[in-house]
Amino acid sequence: MTRLLYQIHRWVGVALALFMAIWFSSGLVIMYAGPSALGRAEQLAGAEPVQPEYGWLSLGEAWQRSAAQRQAAEPGKDAPIADARLVRQGGTPRWLVDDTRGRRFALSATDGQLTRISVNDAQAIARQWAGPGAAILYVDTGIQDSAVRNHEALSPFHRFAVGSGSRELLVSARSGEVVRDSTRLDRALYWSGNWIHLMRPLETAGLSADGRRSVLAWLGFLAFATCVTGLIIGWQRWRPGWGGRPTYSQGRVHPYRDVWNTWHFWSGLLGGSFALLWALSGYLNNNPFNLFSPAAPNRAELARYLGAEVPAPLLDWRPSAFVTEAENRDIVEIALRRVGKEARILGVKREGLGTPLPGTGNAARFSDTALVAAAARLVDAAPVLSHGLLDTYDDYYYARHNQGTVERPLPVLQVALADPGHTRVYLDPRDGRVILRQDDSRRAYRWLWSALHHWDLETLRQRPVWDAWMLTWVLLGVVLGYSAVVLGWKRLRRTLQPGKPGKSGKATPARPPKAEPTPPRLARDGQTP
């Protein structure tokens with residue numbers, strides 16, 4: 001059994017050493033690299049003021065006029081409007097509409113036509129985004145790896161170089177939204193961090209997204225096995241001499257004399273537990289065997305949450321009613337939101353705050369009655385246990401790094417349901433969004449994945465406490481990974497090198513390594529397990 005332990009650690013370690021080194025190195029980069037795409041707060045900060053004009057169409061008029069074009073572009077049964085936003089892009093007003101099937105449409109606010117963002121349209125958007133005097137150069141149109149994460153529905157993208165080319169913009173050809181604004185350094189950090197860490201080169205080589213995730217999951221599982229066996233071996237070989245117990249020769253606490261074995265021993269003994277937790281959480285992140293429930297509600301659930309009918313005030317509201325409101329010229333988006341039979345028309349400013357537009361008769365927020373009923377519909381009419389406003393973050397609802405109040409607003413309405421999964425739903429009472437849904441499965445996932453991988457515990461979230469904690473263990477992982485690469489390469493060379501001829505003229509087989517070190521006085525210093 002002991003021999004099997006050593007063999008597993010040796011040969012799985014040889015196979016995975018490079019992967020482990022890459023994972024730790026790219027993870028270190030990810031800690032200080034920005035997201036792969038712009039967040040909601042960044043998009044609002046760079047957006048163009050709406051400034052409605054007389055003659056712009058209502059949402060209902062634009063939706064009706066575009067019916068034939070939408071059916072031709074996205075065949076299938078028509079679905080109700082889920083969400084709509086009035087924006088101005090490169091001087092052109094558009095309704096950006098999502099339906100309950102998850103389809104996205106950009107409709108002209110002047111004639112109601114379904115629009116596809118052309119290169120010229122995207123160039124005008126990029127010029128406005130980049131600012132006055134910025135030189136904009138069109139590069140290409142396609143699906144760029146640096147922007148598709150969580151933005152697949154907005155592909156393809158028009159790419160533009162700004163100025164000397166070190167800055168790059170990606171504009172969605174479907175919605176006209178700027179999804180990425182990056183410098184050359186941003187892109188380098190993405191390629192050397194997130195892109196490598198998640199094994200996205202496999203997709204570039206032709207493997208499907210599901211196939212990539214399967215490969216990543218099983219590599220994580222094998223890395224976990226390697227860490228388990230390494231920790232057991234490390235503890236077996238550690239002889240601190242406490243209580244008068246024997247050590248190795250010359251009072252050493254481990255049997256190694258060379259640098260690489262020594263580094264591997266200490267980095268594994270000190271940081272191996274964290275390497276094990278990262279490998280385990282990385283494996284579970286890919287949801288093997290569908291152990292955990294989905295992270296977000298599906299389209300059918302969101303459709304039930306919103307309700308089947310779109311309230312008439314949303315369809316009939318005309319932008320011309322907002323033309324004379326000079327005090328609201330800094331509004332960059334007009335959002336039309338609905339939950340059940342209630343509707344709200346919000347003016348959204350650059351800082352992300354959405355307030356009811358004057359003259360629309362909107363309440364300050366959706367009613368608890370509408371939100372609680374919608375939460376029950378979300379989980380298939382589950383009974384409601386309790387609900388209440390949450391004005392501070394908890395262990396499950398909190399803002400991670402690179403998130404703010406736009407992504408994780410406060411207060412939120414927390415609704416507890418009496419379904420088999422004991423679901424809790426977190427809702428934004430201002431715009432009715434489902435921000436987070438947590439059942440027993442997702443709560444377990446939060447601790448087994450996010451807590452063990454990101455260490456986003458309440459006591460560690462504040463910087464620089466989190467930085468000091470993460471850097472300590474990640475750097476030990478880097479040493480562990482690269483020392484494993486060197487030792488694995490040496491072992492592989494010795495194994496593949498032809499043996500010296502014996503007396504019979506045949507190669508003499510290599511002696512199998514001992515499973516455990518000999519007593520201290522006879523230990524062979526420096527022997528590799």
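Residues numbered from 1 in each chain as written. Predicted model: local features only at pLDDT ≥ 70, side-chain atom pairs only at ≥ 80, totals over all residues. Heavy atoms only, no water.

K.L.:
How should the overall build of the protein chain be read in this particular structure?
P.N.:
The helix and strand tally for the protein chain stands at 15 helices and 14 strands. The dimensions of the protein chain, computed from C-alpha atoms along their principal axes, are 100 × 55 × 45 Å. Buried residues in the protein chain amount to 47% of all 529 residues. Summarising the internal contacts of the protein chain: among those between residues at least 6 apart in sequence, 63% fall at separations of at least 24. Counting every atom, the protein chain has about 25900 Å² of accessible surface; 59% of that belongs to carbon and sulfur. With 63 positive and 46 negative side-chain charges, the protein chain shows a separation of 14 Å between the mean positions of the two kinds. (Helix = DSSP H or I, 4+ residues; strand = E, 2+ residues; numbered from the N terminus. Buried < 20%, exposed > 50% of the residue type's maximum accessible area, 1.4 Å probe, protein only. Contact = heavy atoms within 4.5 Å. Areas by Shrake-Rupley, 256 points an atom, 1.4 Å probe, with all protein chains shown as cover. Lys, Arg positive; Asp, Glu negative; His and termini not counted. Charge placed at Lys NZ, Arg CZ, Asp CG, Glu CD.)

K.L.:
Could you clarify how one ought to interpret the pattern of salt bridges in this entry?
P.N.:
Two side chains bearing opposite charge may form a pair once their charged atoms approach each other closely. Under the defined criterion, the tally for this structure stands at 28 salt bridges. In this structure, Glu 61 engages Arg 318 in a salt bridge whose closest nitrogen and oxygen atoms are separated by 2.9 Å. Taken together, the residues Glu 61 in helix H3 (residues 59-65) and Arg 318 in the loop between helix H12 (312-316) and strand E8 (331-339) connect sequence positions 257 residues apart. Under the relative-accessibility criterion, Glu 61 is labelled partly exposed at 25%. Arg 318 gets classed as partly exposed once you look at its relative accessible area, which sits at 36%. Ionic contacts of the salt-bridge type, sharing partners, join the residues Arg 40, Asp 83, Arg 85, Glu 177, Glu 333 and Arg 337 into one network. (Salt bridge = Lys/Arg side-chain N within 4 Å of Asp/Glu carboxyl O.)

K.L.:
Could you clarify how one ought to interpret the environment of Leu 231 in this entry?
P.N.:
Tracing the sequence through the fold places Leu 231 in helix H9 (residues 209-237). A residue is classified by how much of its surface remains accessible, and Leu 231, at 14% relative accessible area, is buried. Sequence-wise, Leu 231 and Asp 83 are 148 residues apart; in three dimensions their C-alpha atoms are separated by 52 Å. Not counting residues within four places of it along the chain, the set of residues in contact with Leu 231 comprises Gly 268, Gly 272, Ser 273 and Leu 276.

K.L.:
Sorry, what's going on with the nonpolar core here?
P.N.:
Side chains of a nonpolar character, in soluble globular proteins, are inclined to be buried together. Of all hydrophobic cores here, the largest spans 27 residues; its most connected members are Met 20, Trp 23, Phe 24, Ala 223, Trp 278, Trp 455 and Met 470. Mapped onto this core, the elements with two or more residues apiece are helix H1 (2-32), H9, helix H10 (259-285) and helix H15 (465-496). Broken down by element, this core gets its largest block of residues, seven residues, from H15. Aside from chain neighbours lying at most four places away, what touches Trp 23 is His 197, Met 199, Leu 216, Leu 219, Gly 220 and Ala 223. Membership of the second largest hydrophobic core comes to 21 residues, among which are Val 50, Ala 84, Leu 86 and Leu 357. (Core = buried A, V, L, I, M, F, W, Y, C linked by side-chain atoms within 4.5 Å.)

K.L.:
Would you take a moment to explain the packing of aromatic side chains for this structure?
P.N.:
The relative placement of two aromatic rings is captured by the distance of their centres and the angle of their planes. The full count for this structure, using the stated rule, is 26 aromatic pairs. Here Phe 265 and Trp 266 contribute two aromatic rings whose centre-to-centre distance is 5.2 Å and whose plane-to-plane angle is 75°, an arrangement assigned as edge-to-face. Through pairs of rings, three or more aromatic residues link up here, namely Phe 24, Phe 274, Trp 278, Trp 455, Trp 469 and Trp 473. The ring of Tyr 445 has Arg 442 sitting right over it, with the charged end atom 4.2 Å from the ring centre. (Phe/Tyr/Trp six-rings, centres within 6.5 Å; stacked < 30°, edge-to-face > 60°. Lys NZ or Arg CZ within 6 Å of the ring centre and 35° of its normal.)

K.L.:
I'm lost on the pairing of strand E12 (residues 412-417) in this one. Help?
P.N.:
The two faces of the sheet receive side chains in turn, since in a regular strand these alternate between them. Across the six residues that make up E12, a large majority, five, are buried. Here strand E11 (residues 384-390) pairs with E12 via six bridges, running antiparallel. Across the sheet, residue Leu 389 finds its bridge partner in E12, namely Leu 413. Inspection of the sheet shows E12 paired to strand E13 (residues 424-427) by four bridges, in the antiparallel sense. Across the sheet, the residue bridging to Gln 414 is Tyr 426, located in E13. Counted along the chain from E12 to the antiparallel partner E13, the turn is six residues long, and its residue His 422 has a positive phi close to 50°. (Pairing = 2+ DSSP bridges.)

K.L.:
Can you walk me through the side chain of His 158 in this structure?
P.N.:
Among the secondary structure elements, His 158 is positioned in strand E5 (residues 157-162). At 2.7 Å, the side chain of His 158 and the backbone oxygen of Ile 117 are in polar contact. His 158 has contacts with Ile 117, Ser 118, Val 119, Ala 122, Tyr 138, Asp 140, Thr 141, Leu 169, Leu 170, Val 171 and Ala 173, leaving out every residue within four places of it along the chain. (Polar contact = N/O pair within 3.5 Å; in protein donor to acceptor, adjacent residues only side chain to side chain.)

K.L.:
Help me out: how do you make sense of a nonpolar patch on the surface in this one?
P.N.:
A contiguous nonpolar surface patch, about 540 Å² in accessible area, is contributed by Trp 218, Phe 221, Leu 222, Phe 289 and Leu 291. Among the secondary structure elements, Phe 289 is positioned in the loop between H10 and helix H11 (299-306). The exposure class of Phe 289 is exposed, given its relative accessible area of 66%. (Patch = residues over 30% accessible without salt bridge, like charges linked within 9 Å, V, L, I, M, F, W, Y side chains within 5 Å.)

K.L.:
Got a minute to help me understand unusual backbone geometry in this structure?
P.N.:
Excluding glycine, residues mostly have negative phi values, and the peptide bonds linking residues are mostly trans. A cis amide bond, omega 0°, links Ser 155 with the succeeding residue Pro 156. Within the element layout of this structure, Pro 156 appears in the loop between strand E4 (136-142) and E5. Of note, the bond from Leu 410 into Pro 411 is cis; its omega dihedral lies within 30 degrees of zero at -5°. For Pro 411, the position within the fold is in the loop between E11 and E12. Even without being glycine, Ala 381 reaches a positive phi, approximately 60°.

K.L.:
Where do I start with the sheet that holds strand E7 (residues 178-182) in this structure?
P.N.:
The antiparallel open sheet is built from four strands, whose spatial order is E4-E5-E6-E7. The sheet is open, and its two borders are formed by E4 and E7, each paired with just one other strand. In this sheet, adjacent strand axes meet at a mean angle of 20° when their direction is disregarded. Running over the sheet, helix H5 (residues 119-130) touches E4, E5, strand E6 (167-172) and E7 and is turned about 130° from E6. (Axes fitted to C-alpha atoms, helices over the stretch in contact; angles between N-to-C directions.)

K.L.:
Any chance you could explain the pairing of strand E9 (residues 342-349) here in plain terms?
P.N.:
The sheet contact formed by E8 and E9 spans eight bridges and is antiparallel. Following the sheet pairing, Arg 338 is matched in E9 by Ala 343. Counted between consecutive antiparallel strands, the loop separating E8 from E9 contains two residues, among which Gly 340 sits at a positive phi close to 60°. Across three bridges, E9 lies against strand E10 (residues 354-356) in antiparallel orientation. Among the inter-strand pairings, Leu 346 is bridged to a residue of E10, identified as Pro 356. What sits between E9 and E10 in their antiparallel hairpin is a turn of four residues, with Gly 352 showing a positive phi close to 95°.

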